[in-house]
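Residue-level structural notes
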Amino acid sequence: RRLQAAVGVHQDRADLRSRPGRDGGHEDEREEGGSNSCDRSARSWHTWIVTSAAHTEILARERDLAQRCAAGERAAQESVFALLRIPIHRTLHRILGPSRHAMDLTQDAFLEVFRSIGSFRGESRLASWAEIVAARVAYRHLSSRPPRPTHLSLVPEPVDPGPGPDRASDAREAIRRLYAILDRLEPKYRVTYALHVIDGRPLREVARTTETTYVAAKNRAARARRMVNERARRDPQVLHLPRLEPP
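For the structure given in this document, a descriptive report is provided here. Note that this is a predicted model, so its numbers are computed, not measured. (Residues numbered from 1 in each chain as written. Predicted model: local features only at pLDDT ≥ 70, side-chain atom pairs only at ≥ 80, totals over all residues. Heavy atoms only, no water.)

**Details of the overall build of the protein**
When its secondary structure is counted, the protein shows 10 helices and 0 strands. Secondary structure elements of the protein occur, N-terminal to C-terminal, as α-α-α-α-α-α-α-α-α-α. Of all 247 residues assigned to the protein, the portion counted as buried reaches 35%. Here the contacts in the protein between residues at least 6 apart in sequence split such that 66% fall between residues at least 24 apart. Summed over its atoms, the accessible surface of the protein is roughly 15600 Å², and 52% of this surface lies on carbon and sulfur atoms. (Helix = DSSP H or I, 4+ residues; strand = E, 2+ residues; numbered from the N terminus. Buried < 20%, exposed > 50% of the residue type's maximum accessible area, 1.4 Å probe, protein only. Contact = heavy atoms within 4.5 Å. Areas by Shrake-Rupley, 256 points an atom, 1.4 Å probe, with all protein chains shown as cover.)

Next up, the structure:
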């Protein structure tokens, strides 16, 4: 209706273009700005309608794929695995970092996906739903083991060696040290920090993935960032990682 109203206003203004103005001129010049505004409004609504329709179609296709997978169709199961392999791996890798448990947890996540895919209602993308499952698997894993003490030796202020293998090696070592710090955090803070700070996901997406509220995700991210930064101050190599400091 709003699109029709915008188009209708544009038509009415077009009919008034030939009316003489009080100063002897024509109102078409005065209406030019309003006409352009209506054109932009109509185009924006048209783009939104097309995008919304495409998104709805994708959700319907993925819901159908999930239903066929739940029914045991082999081709559908293979398609689900191919579609979700990267999102699940990425979510687990961001939360756990370099971990010898990554392969086992990936298998656990897919077992959980195939076990519960019949409950997928198509209200979001299938990958988003699978990332929630992966985060849940990672959370259970982190909760089942006691926090490990972190022993970080102090290192001198890093000197920029320029591009090359040494710099890549330093980056890998800094990431290893960062995840050693994360090992000391409670799972709810670690998961939120990994998804928001390391992976760069918006807080609302983090809240959906961790199945909590936006306010809770925001508070967890802020507290986790403070705890990580406090420990990272003793290790400049970690402190200089991108995204470690708040924007």
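Next comes the rest of the account.
**Quick look at the pattern of salt bridges**
Applying the stated rule across the entire model yields 16 salt bridges. Between arginine 176 and glutamate 173 there is a salt bridge, with the nearest N and O atoms lying 2.7 Å from each other. Within this pair, arginine 176 and its partner glutamate 173 are both found in helix H6 (residues 165–182), separated by 3 residues, close to a single helical turn. Beyond isolated ion pairs, a larger network of salt bridges with shared partners links Arg90, Arg94, Glu131, Asp199, Arg201 and Glu205. (Salt bridge = Lys/Arg side-chain N within 4 Å of Asp/Glu carboxyl O.)

**Re unusual backbone geometry**
Of note in this structure, glutamate 211 is not a glycine but carries a positive phi near 55°. Tracing the sequence through the fold places glutamate 211 in the loop between helix H8 (203–209) and helix H9 (214–232).

**Regarding the packing of helix H4 (residues 102–116) against helix H5 (residues 126–143)**
Viewed as axis vectors pointing N to C, H4 and H5 meet at an angle of 130°, and their least axial separation amounts to 9 Å. Accordingly, the angle class assigned to the pair H4 and H5 is oblique. Crossing of H4 over H5 shows right-handed handedness. Here H4 contributes Leu105, Asp108, Ala109, Glu112, Val113 and Ser116 to the contact with H5, which in turn contributes Trp129, Ala130, Val133, Ala134, Arg136, Val137, Arg140 and His141. Partitioned by chemical class, the residues of the contact of H4 with H5 number 8 nonpolar, 2 polar and 4 charged. (Axes fitted to C-alpha atoms, helices over the stretch in contact; angles between N-to-C directions. Parallel < 35°, antiparallel > 145°, perpendicular 65-115°, else oblique. Left-handed = near helix turned anticlockwise from the far one by under 90°. Nonpolar A, V, L, I, M, F, W, Y, C, P; charged D, E, K, R; others polar.)

**A word on helix H7 (residues 187–198)**
Judged by how many residues are buried, H7 sits mostly within the fold: 10 of 12 residues are covered. Residues of H7 that are buried include every one of Pro187, Tyr189, Arg190, Val191, Thr192, Tyr193, Ala194, Leu195, His196 and Val197, and no others. With its phi angle positive at about 75°, glycine 200 sits one or two positions after the end of H7.

**Let's talk about the packing of aromatic side chains**
Following the criterion strictly, the structure yields 3 aromatic pairs and no others. Centre to centre, the rings of phenylalanine 81 and phenylalanine 110 are 4.7 Å apart; their planes meet at 40°, and the pair counts as tilted. Of this pair, phenylalanine 81 sits in helix H3 (residues 74–96) while phenylalanine 110 sits in helix H4, and the two are 29 residues apart along the sequence. For phenylalanine 110, a relative accessible area of 6% gives the class buried. (Phe/Tyr/Trp six-rings, centres within 6.5 Å; stacked < 30°, edge-to-face > 60°.)

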